[in-house]
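# A structural walkthrough
Here is how the chains run, residue by residue.
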Amino acid sequence: MKKAFITGITGQDGAYLSKLLLEKGYEVHGGVRRISQPDTPRLDKLGVTRDVQLHDFDLSEMNNIYRTIEKIKVDEFYNLAAQSFVGSSWDLPIYAADTNGVGVVRILDCLRNFAPETRFYQASTSEMFGLVQEVPQSETTRLYPRSPYGVAKVYGHYITMNYRESFGMHASSGILFNHESPLRGKEFVTRKITLALAALARGGDAPVVLGNLDAKRDWGFAGDYVRGMWLMLQQEKADDYVLATGVTTPIRDFVIFAAEALGMDLAWDGEGVTETATDRKTGKRVVEISEKFFRPAEVDLLIGDAGKARENLGWTPEVDVRQLAEMMAKSDYDDLG
Ligand code: NDP
Ligand code: GDR
């Protein structure tokens with residue numbers, strides 16, 4: 001039986017990856033921060049909480065990482081833990097650097113010392129492309145991060161390559177474009193939209209207040225992307241791979257897809273911060289804009305080229321953005337029932 005350790009097991013990807021690995025017969029261990037609310041709602045929702053073994057784990061604490069890696073010997077180590085909300089990283093730049101950057105080398109160095117045969121996956125991100133230097137972006141596109149989050153992830157990405165090249169470790173980086181699901185954190189734009197629209201469809205009257213509707217994202221489904229992570233660690237040689245759908249969509253269109261899934265018909269009016277959307281059927285205000293949700297620096301044209309993953313891993317995404325919006329909106333609608 002293969003064994004795996006997942007940092008960030010309580011997050012969106014951690015939950016989907018746990019389920020996938022359990023289905024493949026793995027013994028699954030996961031790292032959980034000591035926090036005041038020791039809940040595992042995402043693992044609960046997928047029905048896997050009792051099947052995984054949870055351990056105290058914090059990326060900021062070297063002693064804790066060292067003891068965990070020395071004690072629990074695994075075949076595959078997936079580093080999914082991070083301060084993952086880009087918007088907060090301007091308020092928490094040093095924490096983001098420590099967790100998302102230095103945290104990665106803490107793990108790699110412990111693996112190098114105590115478990116050099118363990119295969120390692122690093123959760124890199126399309127945020128590293130930031131002010132994009134070419135369209136679409138691939139593994140060879142020059143990096144130009146635009147947030148403290150992205151800058152820290154660039155360090156994590158390069159140190160993963162460096163340990164692979166310096167010490168021959170099986171260490172791979174997945175450069176993943178945005179992937180969402182009904183388990184997505186409520187602060188991210190897709191889930192914020194589907195939760196608010198579902199509440200409106202259930203009789204509420206609070207519009208969703210958003211920032212830049214013109215920003216575009218290449219959105220896929222988290223369930224497809226964790227399959228790609230696993231495939232990377234099954235290859236004979238470690239490498240870096242982009243996972244993306246190759247389709248980019250403005251935030252405004254995601255609102256429209258979610259609204260359609262809930263039977264709304266939106267009328268748009270105004271522009272910039274005065275733009276609004278109203279449901280023609282009920283007359284309810286659905287969208288408003290606030291400066292508060294604009295970012296100090298934005299990434300505007302993220303679109304990924306996953307050709308290498310398709311050829312080498314046989315990976316393709318199965319859910320498109322419209323199906324994704326529908327899946328999320330209906331799940332939130334059902335949960336509010
Ligand atoms: P989530 O925000 O859902 O999960 C993040 C996880 O990291 C949570 O389990 C959180 O624990 C844990 N965590 C945060 N800080 C620490 C810490 N100091 N020590 C230990 N654990 C910590 O993120 P996703 O599942 O969406 O993303 C997984 C990874 O992939 C992240 O690294 C993210 O940056 C990266 N990524 C995500 C993409 C996406 O679109 N989802 C795209 C590209 C990359 P807690 O439950 O206690 O908060
Ligand atoms: P992102 O996701 O920053 O791409 O990071 P997020 O959903 O937060 O933002 C996407 C885009 O939507 C615009 N936007 C808003 N965003 C939020 N959160 N709230 C709003 O009200 C709002 N209005 C407009 C943003 O400006 C942005 O352009 C996610 C995370 O999962 C990272 O960890 C991961 O690395 C990247 O995806 C790839």
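For the structure itself, consult the block above.
Let us look at the structure shown here. (Residues numbered from 1 in each chain as written. Chains lettered and ligands numbered in written order. Predicted model: local features only at pLDDT ≥ 70, side-chain atom pairs only at ≥ 80, totals over all residues. Heavy atoms only, no water.)

Once that is clear, we can look at the overall build of the protein. Along the protein, the regular secondary structure elements total ten helices and 15 strands. Here the C-alpha atoms of the protein give a radius of gyration of 20 Å, agreeing with the 20 Å that 2.2 N^0.38 yields for 337 residues. Referenced to the eigenvectors of the C-alpha coordinate spread, the extents of the protein come out at roughly 65 × 45 × 40 Å. Of the roughly 14800 Å² of accessible surface on the protein, a fraction of 48% belongs to carbon and sulfur atoms. Side chains of the protein give 39 positive and 48 negative charges; the mean places of these two sets differ by 3 Å. (Helix = DSSP H or I, 4+ residues; strand = E, 2+ residues; numbered from the N terminus. Rg over C-alpha atoms; globule rule 2.2 N^0.38 Å. Areas by Shrake-Rupley, 256 points an atom, 1.4 Å probe, with all protein chains shown as cover. Lys, Arg positive; Asp, Glu negative; His and termini not counted. Charge placed at Lys NZ, Arg CZ, Asp CG, Glu CD.)

A full pass over the atoms with the stated rule returns 20 salt bridges. Here Arg 106 makes a salt bridge to Asp 98, at a shortest N to O gap of 2.7 Å. A residue is classified by how much of its surface remains accessible, and Arg 106, at 14% relative accessible area, is buried. If you follow the salt bridges from partner to partner, you end up with Asp 214, Arg 252 and Glu 275 in one network. (Salt bridge = Lys/Arg side-chain N within 4 Å of Asp/Glu carboxyl O. Buried < 20%, exposed > 50% of the residue type's maximum accessible area, 1.4 Å probe, protein only.)

Strand order across the open sheet formed by four strands is β8-β15-β14-β13, with mixed pairing between neighbours. Two strands bound the open sheet, and with one partner strand each, they are β8 (208-210) and β13 (266-269). This sheet shows a mean twist of 20° between the axes of neighbouring strands, independent of strand direction. Note: β8 against strand β15 (residues 285-289), three bridges, orientation parallel. Paired with Val 209 across the bridge in β15 is Glu 288. Set on the sheet, helix α6 (residues 189-201) makes contact with β8 and β15; between it and β8 the angle comes to about 155°. (Pairing = 2+ DSSP bridges. Axes fitted to C-alpha atoms, helices over the stretch in contact; angles between N-to-C directions. Contact = heavy atoms within 4.5 Å.)

On to the site of ligand 1. With respect to spatial proximity, 26 residues lie near ligand 1, and among them Thr 10, Arg 33, Ser 84, Tyr 149 and Lys 153 are the closest. At 2.8 Å, a side-chain N or O of Lys 153 approaches an oxygen atom of ligand 1. Protein coverage of the free-state accessible area of ligand 1, which is 900 Å², stands at 89%. If you list the elements that add at least two residues to the shell around ligand 1, you get α1 (12-23), α4 (93-114), β5 (119-125) and α5 (148-167). Per element, the largest residue contribution to the shell around ligand 1 is three residues, and it comes from β5. Taken together, the residues of the shell around ligand 1 sort by class into eleven nonpolar, ten polar and five charged. (Near = heavy atom within 4 Å. Polar contact = N/O pair within 3.5 Å; in protein donor to acceptor, adjacent residues only side chain to side chain. Nonpolar A, V, L, I, M, F, W, Y, C, P; charged D, E, K, R; others polar.)

So, about the site of ligand 2. Among the 22 residues in the neighbourhood of ligand 2, the closest are listed as Thr 125, Tyr 149, Lys 192, Arg 295 and Glu 298. A distance of 2.7 Å is found between an oxygen atom of ligand 2 and a side-chain nitrogen or oxygen belonging to Arg 217. Across the complex, the protein chains shield 95% of the 710 Å² of accessible surface that ligand 2 would expose by itself. Elements with a contribution of two residues or more to the shell around ligand 2: α6 and β8. Within the shell around ligand 2, the residues separate by chemical class into ten nonpolar, six polar and six charged. In this structure, the shell around ligand 2 is formed jointly by two domains, domain 1 (3-181 + 220-246 + 302-318) and domain 2 (189-215 + 250-300 + 327-335), each of which donates at least three residues. (Domains from an automatic or database assignment.)

Glancing now at the packing of helix α8 (residues 251-261) against helix α10 (residues 321-335). Interaxial distance between α8 and α10 falls to 8 Å at its minimum, and their mutual angle equals 55°. Relative to α10, the element α8 lies oblique. Where α8 crosses over α10, the two elements pack in a sense that is right-handed. Between α8 and α10, the contacting residues are Phe 254, Phe 257, Ala 258, Glu 260 and Ala 261 on the first element and Val 321, Arg 322, Ala 325, Glu 326, Met 328, Ala 329 and Lys 330 on the second. Split into classes, the residues belonging to the contact of α8 with α10 amount to eight nonpolar, no polar and four charged. (Parallel < 35°, antiparallel > 145°, perpendicular 65-115°, else oblique. Left-handed = near helix turned anticlockwise from the far one by under 90°.)

One open sheet holds the seven strands; their spatial order is β3-β2-β1-β4-β5-β6-β11, and the pairing between them is parallel. Since the sheet does not close on itself, it has two edges, and those belong to β3 (53-56) and β11 (240-243), each with one partner. The sheet shows a mean angle of 20° between the axes of neighbouring strands, taken without regard to direction. Where β5 meets strand β6 (residues 171-176), six bridges bridge the pair, whose relative direction is parallel. In the strand pairing of β6, Ser 124 is matched with Ile 175. Seen against the sheet, α4 touches β1 (3-7), β4 (76-79), β5 and β6 and runs at an angle of roughly 170° to β5. Against the sheet, α5 touches β5, β6 and β11, its axis set at about 150° to β5.

This part covers the pairing of β13. Across four bridges, the pairing between β13 and strand β14 (residues 276-279) is antiparallel. Paired with Leu 266 across the strands is Asp 279, a residue of β14. Connecting β13 to the next strand, β14, in antiparallel fashion are six residues, including Gly 270 with a positive phi near 75°.

Attention now goes to the nonpolar core. Leu 17, Leu 21, Tyr 78, Tyr 121 and Leu 197 are the most contacted members of the largest nonpolar core, which totals 74 residues. In terms of domain composition, this core takes at least three residues from each of domain 1 (3-181 + 220-246 + 302-318) and domain 2 (189-215 + 250-300 + 327-335). Not counting residues within four places of it along the chain, the set of residues in contact with Leu 197 comprises Val 208, Val 255, Ala 258, Ala 259, Leu 262, Met 264 and Val 286. Membership of the second largest hydrophobic core comes to 21 residues, among which are Ile 72, Val 104, Ile 107 and Cys 110. (Core = buried A, V, L, I, M, F, W, Y, C linked by side-chain atoms within 4.5 Å.)

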